[in-house]
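# Summary of the model geometry
Now for the letters of each chain:
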Amino acid sequence: MENWLKIKSLKRKASDTNGKKTTPGLLILLEKAKSHLLKIDKGWFRSLFVHKVDARKDAHSNLLSKKETSNLYKIQFHNVKPECLDEYNSLEAEVQRRLHQDQDFPCEVVGSWNTWYGEQDQAVHLWRYRGGYPALTECLQKLRANKEYLEFRKERAKMLISRQNQLLLEFSFWNEPLPRKGPNLYELRTYKLKPGTMLEWGNRWARAIKHRQENNEAVGGFFSQIGDLYVVHHLWAYESLQSREETRNSAWQKEGWDVNVYYTVPLVRSMESRLMIPTKSSPLQ
C-alpha cells in the first residue's frame, strides 16, 4: 500500500503545475519507478501466502553427529552450598571412581570441574555413554537398584542448592574428548542458538575448527538433544589465562576466521563463558 502512495506522489510531481510539459526523460524515469514499485508490492503481497522452506532429508542430530560412534553425553551443572564445596568434591570423586572403574556400568566420566569465573560454587560434570540411549537407560536402571548410590544421592542432596542437566551429541568435526595431562585451565563456552539454525552453525564451524587446532586447545564440541534445546557447548583447554588470550588472538590472524565469526554471530540468542578448574579426580586435567 505504501508503494502505491509513492507512485501517486511521483505522478503529482511530474504534473505541470505551471503549465509546462513534462520532459520525456522524466516520463521514462516515472515508468521505471512505477514498474519497480509494482514488483515490490507483488512480492510483498505474495509473501503473505507463500513461505518457502528448504527441503531437509534428515534430522540435524543425524546430519551433524558422528556416524562411526554412538556416544551420548550428559552434562551436569550442580550449584553447591559454598561451605560444602570441598566435601562435595570428595564425595563426588569417590562415586565417580567406582562407576568409572566398574565395567558393569556402561558410562564413564569425561571430566569434572569447579567453575572459577562464571557462576560461583558450581560443579560441572561431563559423562559419556558408549552405546547411546540404551546405555543410558541400562545405567539408570542399575543405579536405581544400587543402595550405595542411593545413599550417596541423599548425602549429596544436603549439599546442593540446585542442579541441571542436558543430554548431548558430539559434532562430527570435533575430536572425541580424551584424557589429557595438566595442569590446564578449561573454558566452556555455551551458545543458545535461534531455533532452526543448528545446521548452519555446524556447517560454519566445520570449516572454522581448523583455525583453532594449532595449540591442541579444542577438547570437544556438543549440541543438546534433551534439556534446553538449540544449545551448543564448546570445550577448550589452555595452559593459562595468558595462553588463552594469545591463542584466541592468533585465530584472528588466519584467513577465514573473521568470516566464520561474521556469519555465526547472528545465529546466537545468548552466550556464556565459564572458566573452570579440573577436580583432582577428573580425567581431563
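What you see is a predicted model, and the numbers here were worked out from it, not measured in a lab. (Residues numbered from 1 in each chain as written. Predicted model: local features only at pLDDT ≥ 70, side-chain atom pairs only at ≥ 80, totals over all residues. Heavy atoms only, no water.)

### Some words on the layout of surface pockets
Any space left empty among the atoms is revealed by the rolling of a water-sized probe across them. The computed volume of the largest pocket comes to approximately 400 Å³. As for the largest pocket, its lining consists of 25 residues, of which K74, Q76, L140, Y149 and R153 are closest to the centre. When contributions to the lining of the largest pocket are tallied by element, the ones reaching two or more residues are strand 1 (71-80), helix 4 (85-101), strand 3 (122-130), helix 5 (132-144), helix 6 (147-157) and strand 4 (160-170). Partitioning the lining of the largest pocket into residue classes produces 14 nonpolar, 5 polar and 6 charged. (1 Å grid on protein atoms, 1.4 Å probe; cavity = no way out; pocket = protein on both sides within 12 Å on 5 of 7 lines; lining within 4 Å. Points joined across faces, edges and corners; volume = space filled by probe spheres on them. Helix = DSSP H or I, 4+ residues; strand = E, 2+ residues; numbered from the N terminus. Nonpolar A, V, L, I, M, F, W, Y, C, P; charged D, E, K, R; others polar.)

### Regarding the nonpolar core
Formed by 37 residues in total, the largest nonpolar core has its most connected members in Y129, F171, W201, W205 and V232. The leading source of residues in this core is helix 7 (residues 198-208), at 5 residues. Leave out the neighbours within four places in its chain, and V232 touches F171, R189, T190, Y191, L193, M198, W201, F222 and F223. With 16 residues, the next largest nonpolar core counts I75, F77, F222 and A237 among its residues. (Core = buried A, V, L, I, M, F, W, Y, C linked by side-chain atoms within 4.5 Å. Buried < 20%, exposed > 50% of the residue type's maximum accessible area, 1.4 Å probe, protein only. Contact = heavy atoms within 4.5 Å.)

### Side note on the pattern of salt bridges
Any two side chains of opposite charge can pair, on the condition that their charged atoms come close. All chains considered together, the criterion is met by 17 salt bridges. Here E148 ties to R98 by a salt bridge, and the two come within 1.6 Å at their closest N and O atoms. With E148 in helix 6 and R98 in helix 4, this pair connects stretches of sequence that are 50 residues apart. Classification of R98 as partly exposed rests on a relative accessible area of 39%. (Salt bridge = Lys/Arg side-chain N within 4 Å of Asp/Glu carboxyl O.)

### Things to note about the packing of aromatic side chains
Under the definition given, this model contains 13 aromatic pairs. Taking the centre distance of 4.8 Å and the plane angle of 40° together, the rings of F171 and F223 count as tilted. Of this pair, F171 sits in the loop between strand 4 and strand 5 (185-193) while F223 sits in strand 6 (residues 218-226), placing them 52 residues apart in sequence. You can call F223 buried: its relative accessible area is 0%. Each member of the aromatic cluster is reached from another via a ring pair, and the members are W174, Y191, W201, W205, W236, W252 and W257. The positively charged end of R204 is found above the aromatic ring belonging to Y263, 4.0 Å away from the centroid. (Phe/Tyr/Trp six-rings, centres within 6.5 Å; stacked < 30°, edge-to-face > 60°. Lys NZ or Arg CZ within 6 Å of the ring centre and 35° of its normal.)

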